[in-house]
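Chains, contacts and geometry: an overview
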Amino acid sequence: MRALALPLLLVPPTGAVPACGAPVAQSRPEPPRRSCYGGAETVAFGRLLVDYGIATLRFGVGIVLIFLGLVVMALGYLLMLVDLLLCWR
């Protein structure tokens, strides 16, 4: 029985139901900001992979991490170049 009374509690006590189609002063949402620092974070991650690769070189998996780190660093530098061209202000 209480579950049936719950929707009644959501109605304002004056009995007036708010209009659903009432115009509300809405401001236009701001366009998303362009992130112009993705390349630097990618290069930092690539350097981290290379460091881990050097630390684990004796286990055999290090060579894979070094190669992967170099590829990620190259992509990061490429992304930094694209950011430089597109985020020029």
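Going along each chain's sequence as written, the residues are numbered from 1 onward. Whole-chain, interface and lining totals are the exception, using all residues; otherwise, since this is a predicted model, local features are given only for residues with pLDDT of at least 70 and side-chain atom pairs are given and counted only at 80 or more. Each side-chain value is worked out from all heavy atoms of the structure, with water and hydrogens disregarded.

1. With respect to the overall build of the protein chain
To qualify as a helix, a DSSP run of H or I must reach at least 4 residues; to qualify as a strand, a run of E must reach at least 2; elements of each kind are numbered from the N terminus. The helix and strand inventory of the protein chain stands at three helices and zero strands. Ordered by position in the sequence, the α and β elements of the protein chain form the string α-α-α. Counting every position in the protein chain, which comprises 89 residues, the buried fraction comes to 17%. Accessible surface area values rest on a Shrake-Rupley calculation with a 1.4 Å probe, where residue burial reflects the displayed protein chains alone. Carbon and sulfur atoms form 71% of the exposed surface of the protein chain, whose accessible area is close to 8,100 Å². Here's how the labels work: a residue is buried when its accessible area is under 20% of the maximum for its type, exposed when over 50%, partly exposed in between, all with a 1.4 Å probe on protein chains only.

2. Digging into a nonpolar patch on the surface
Excluding any residue in a salt bridge, patches collect residues exceeding 30% relative accessible area, merging like charges within 9 Å and nonpolar Val, Leu, Ile, Met, Phe, Trp and Tyr side chains within 5 Å. The term salt bridge refers to a side-chain nitrogen of Lys or Arg lying within 4 Å of a carboxyl oxygen of Asp or Glu. On the surface, Phe67, Val71, Leu75, Leu78, Leu79, Leu81, Val82, Leu84, Leu85, Leu86 and Trp88 cluster together into a nonpolar patch covering about 1,100 Å² of accessible area. Relative to the elements of secondary structure, Leu84 occurs in helix α3 (residues 62-86).

3. A look at α3
Compared with the 36 Å implied by 1.5 Å per residue over 25 residues, the 35 Å span of α3 between its first and last C-alpha is a close match. Here α3 has its buried residues at Gly62, Ile66, Gly69, Val72, Met73, Gly76 and Asp83. Here a residue-residue contact requires only that any non-hydrogen atoms of the pair lie within 4.5 Å. Buried residues belonging to α3 abut α2 (38-55). Helices are assigned an expected span. That span is 1.5 Å times one less than the residue count.

4. What to know about the environment of Leu81
In this fold, Leu81 is placed in helix α3. Overall, the relative accessible area of 46% leaves Leu81 in the partly exposed class. Residues Leu81 and Gly39, 42 residues apart in the sequence, show an inter-C-alpha distance of 8.1 Å.

5. Overview of the packing of α2 against α3
Only the stretch in contact is used when a helix axis is fitted, and all axes are lines through C-alpha atoms; the angle between N-to-C directions ranges over 0 to 180 degrees. With their axes 7 Å apart at the nearest point, α2 and α3 run at an angle of 165 degrees to one another. With respect to α3, the axis of α2 lies roughly antiparallel. For the element pair α2 and α3, the recorded crossing hand is left-handed. Among the residues making up the contact of α2 with α3, the classes are represented as 16 nonpolar, eight polar and two charged. Geometric relationships in this document are graded by angle, where less than 35 degrees denotes roughly parallel, more than 145 denotes roughly antiparallel, 65 to 115 denotes roughly perpendicular, and other angles denote oblique. Crossing handedness is defined as follows: a turn of the near helix away from the far one that is anticlockwise and smaller than a right angle gives a left-handed crossing, while the clockwise case is right-handed. When residue character is reported, Ala, Val, Leu, Ile, Met, Phe, Trp, Tyr, Cys and Pro are called nonpolar, Asp, Glu, Lys and Arg charged, and the others, Gly included, polar.

6. Let's talk about the environment of Thr56
Summarising the element assignment, Thr56 is placed in the loop between α2 and α3. Placed 10 residues apart in sequence, Thr56 and Ile66 show a C-alpha to C-alpha distance of 9.6 Å. Discounting residues that sit within four places of it in the chain, Thr56 has contacts with Val61, Gly62 and Leu65.

Honestly, that's just the spatial picture; any functional story needs more than this.
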